[in-house]
Amino acid sequence: MDALQQHILDHQATAVVLVDHELCVSYLNQSAEFLLATSMTRSRGDPVLSVIRDGDEFPAQLTDALSLEQSFTKRQAELTVAATGQTLAVDLTVTPVSIPEFRGLLMELQPLDRLLRINKEAAQLTVQQTTRDLVRGLAHEIKNPLGGIRGAAQLLSRELEAPGLQDYTNVIIEEADRLRNLVDRMLGPNRMPQWSSVNVHLVLERVRTLLEAEHPGRVQFERDYDPSIPELVCDHEQLVQALLNVMRNAVQALEDTPDARITLRSRAVRQFTIGSARHRLVIRLDVVDNGPGVPAELQERLFYPMISGRPEGTGLGLSIAQSIISQHGGLIECASQPGETRFTFLLPLEAGITEAVDEAK
């Protein structure tokens, strides 16, 4: 396979597996490596049935396709990944390949959960943009009269001689300031990102250290880092803030959990789609806690402003975190069930570089 063919296959969203006439792995593209949790170097020459399995009939189906040179397609096939034991729902197409230099099968796997995730992300990004536009409009309508109220209270305070009456105007001024600050927080970051190359593990460690200082001995932190992850071009302080908002929520959720534990995990993901944009390399950061989970009725609205699962919560922490990651071209996802809540940060490696280049022009 020449370099151009391999380059094209590696940039396909569909997982491609090429097996030879003995049903041994001959080639995996990058999407297949990610989907099957293995590498071409590790799997080449291994029986394909030691990499993926699909019930008792699967070996005979592959043998028949090879011997009879007949392709077949299985919709919503349930494949088991040998490396992880995970079950995947995929559309599977098997096509015989017979040319002078090669005889075997071309297997194409299209994960159904990925299509559902892409559609969900696209809808989530649309809702977030609509929410941001709504909040900006409301902020403008709220801050203008607040400024007038505050100014009038200041003028009135100068005309009042009795100190007791001035206490009332001070209350008006303080509450107007509080509401203005609340609106500013709803709007999220109020400055453009300051791009720099950052080791994401140093960011995770800084946030972990802050939380351990705030809650000494209360939560056990476990780290599962991939040291091969390259540096990310991002705004260091904003990324710290986004992670701190999420991890602080996790610590608070573990308040009544015995053996409270948070796992921090980093991985590099190739050929990943966020919304409608496909990225060559994405950094994935997982924050996983073993708490009671997020109530089902909140999961779809978790990143909206003013939505909180705690009576004393402001409902702004996750909304601000999502706004920060959105500025970086990324997304935060949440999957929760009793005993495990996972917040996943998806950050395109090239997003900050592109923005920095655009700003320099």
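All of these numbers come straight from a predicted model, not from anything done at the bench.

**Re the nonpolar core**
Note on soluble globular proteins: their nonpolar side chains tend to be buried together.
Then step 1. Residues Leu-243, Ile-262 and Phe-345 are the most contacted members of the largest nonpolar core, which totals 44 residues.
Then step 2. Of all the elements in the fold, those that place two or more residues in this core are α7 (200-214), β9 (232-235), α8 (236-253), β10 (261-274), β11 (277-289), α10 (317-327), β12 (331-337) and β13 (340-348).
Then step 3. Residue contacts for Phe-345: discarding those within four places in its chain leaves Ala-242, Leu-243, Val-246, Ile-283, Arg-284, Leu-285, Val-287, Ile-325, Leu-331 and Ile-332.
Then step 4. One finds Ile-52, Phe-58, Phe-72 and Leu-109 within the second-largest nonpolar core, a separate group that totals 31 residues.

**Some points on the sheet that holds β13**
Then step 1. If you walk across this open sheet you meet the five strands as β8-β10-β11-β13-β12, and the pairing is mixed. The strands lining the two open edges of the sheet, one partner per strand, are β8 (220-224) and β12. With direction set aside, neighbouring strand axes in the sheet form an average angle of 20 degrees.
Then step 2. Looking at chain direction, β12 and β13 are connected through seven bridges and run antiparallel. Across the sheet, Ala-335 pairs through a bridge with Arg-342, a residue of β13.
Then step 3. Relative to the sheet, α10 contacts β12 and β13, its axis offset from that of β12 by approximately 140 degrees.

**A closer look at the side chain of Asn-245**
Then step 1. Of note, Asn-245 is situated in helix α8.
Then step 2. Assessed through its relative accessible area of 11%, Asn-245 is described here as buried.
Then step 3. When near neighbours in sequence (up to four residues on either side) are disregarded, Asn-245 contacts Gly-317, Ile-320 and Ala-321.

**Let's talk about the pattern of salt bridges**
Then step 1. In the structure shown here, the tally under the stated rule is 16 salt bridges.
Then step 2. Between Arg-208 and Glu-212 there is a salt bridge, with the nearest N and O atoms lying 2.9 Å from each other. Residue Arg-208 and its partner Glu-212 are located together in helix α7, separated by four residues, close to a single helical turn.
Then step 3. A relative accessible area of 12% places Arg-208 in the buried class.
Then step 4. Here Glu-222 ties to Arg-261 by a salt bridge, and the two come within 3.8 Å at their closest N and O atoms. With a gap of 39 residues between them, Glu-222 in strand β8 and Arg-261 in strand β10 connect regions that are remote in the sequence.
Then step 5. Exposure remark for Arg-261: the relative accessible area of 25% places this residue in the partly exposed category.
Then step 6. What you see here is one network of salt bridges that share partners, running through Asp-224, Arg-265, Arg-267, Arg-284 and Asp-286.

**What to know about the packing of α7 against α8**
Then step 1. Running from N to C, α7 and α8 point in directions that differ by 45 degrees, and their axes come no closer than 9 Å. Judged on the interaxial angle alone, α8 and α7 are oblique. The element α7 and its partner α8 pack so that their crossing is right-handed. Between α7 and α8, the residues in contact are Val-203, Leu-204, Arg-206, Val-207, Arg-208, Leu-210, Leu-211 and Glu-214 and His-236, Glu-237, Leu-239, Val-240, Leu-243, Leu-244, Met-247, Arg-248 and Val-251, respectively.
Then step 2. Taken together, the residues of the contact of α7 with α8 break down into 11 nonpolar, one polar and five charged.

**Remarks on unusual backbone geometry**
Then step 1. One non-glycine residue, Ala-37, adopts positive backbone phi at about 55 degrees.
Then step 2. The class of Ala-37 is partly exposed, set by a relative accessible area of 35%.
Then step 3. Despite not being glycine, Glu-69 shows a phi value in the positive range, around 55 degrees.
Then step 4. Residue placement: Glu-69 occurs in the loop between α4 (58-68) and β4 (72-81).

The rules we used
Residues numbered from 1 in each chain as written. Predicted model: local features only at pLDDT ≥ 70, side-chain atom pairs only at ≥ 80, totals over all residues. Heavy atoms only, no water. Core = buried A, V, L, I, M, F, W, Y, C linked by side-chain atoms within 4.5 Å. Buried < 20%, exposed > 50% of the residue type's maximum accessible area, 1.4 Å probe, protein only. Helix = DSSP H or I, 4+ residues; strand = E, 2+ residues; numbered from the N terminus. Contact = heavy atoms within 4.5 Å. Pairing = 2+ DSSP bridges. Axes fitted to C-alpha atoms, helices over the stretch in contact; angles between N-to-C directions. Salt bridge = Lys/Arg side-chain N within 4 Å of Asp/Glu carboxyl O. Parallel < 35°, antiparallel > 145°, perpendicular 65-115°, else oblique. Left-handed = near helix turned anticlockwise from the far one by under 90°. Nonpolar A, V, L, I, M, F, W, Y, C, P; charged D, E, K, R; others polar.

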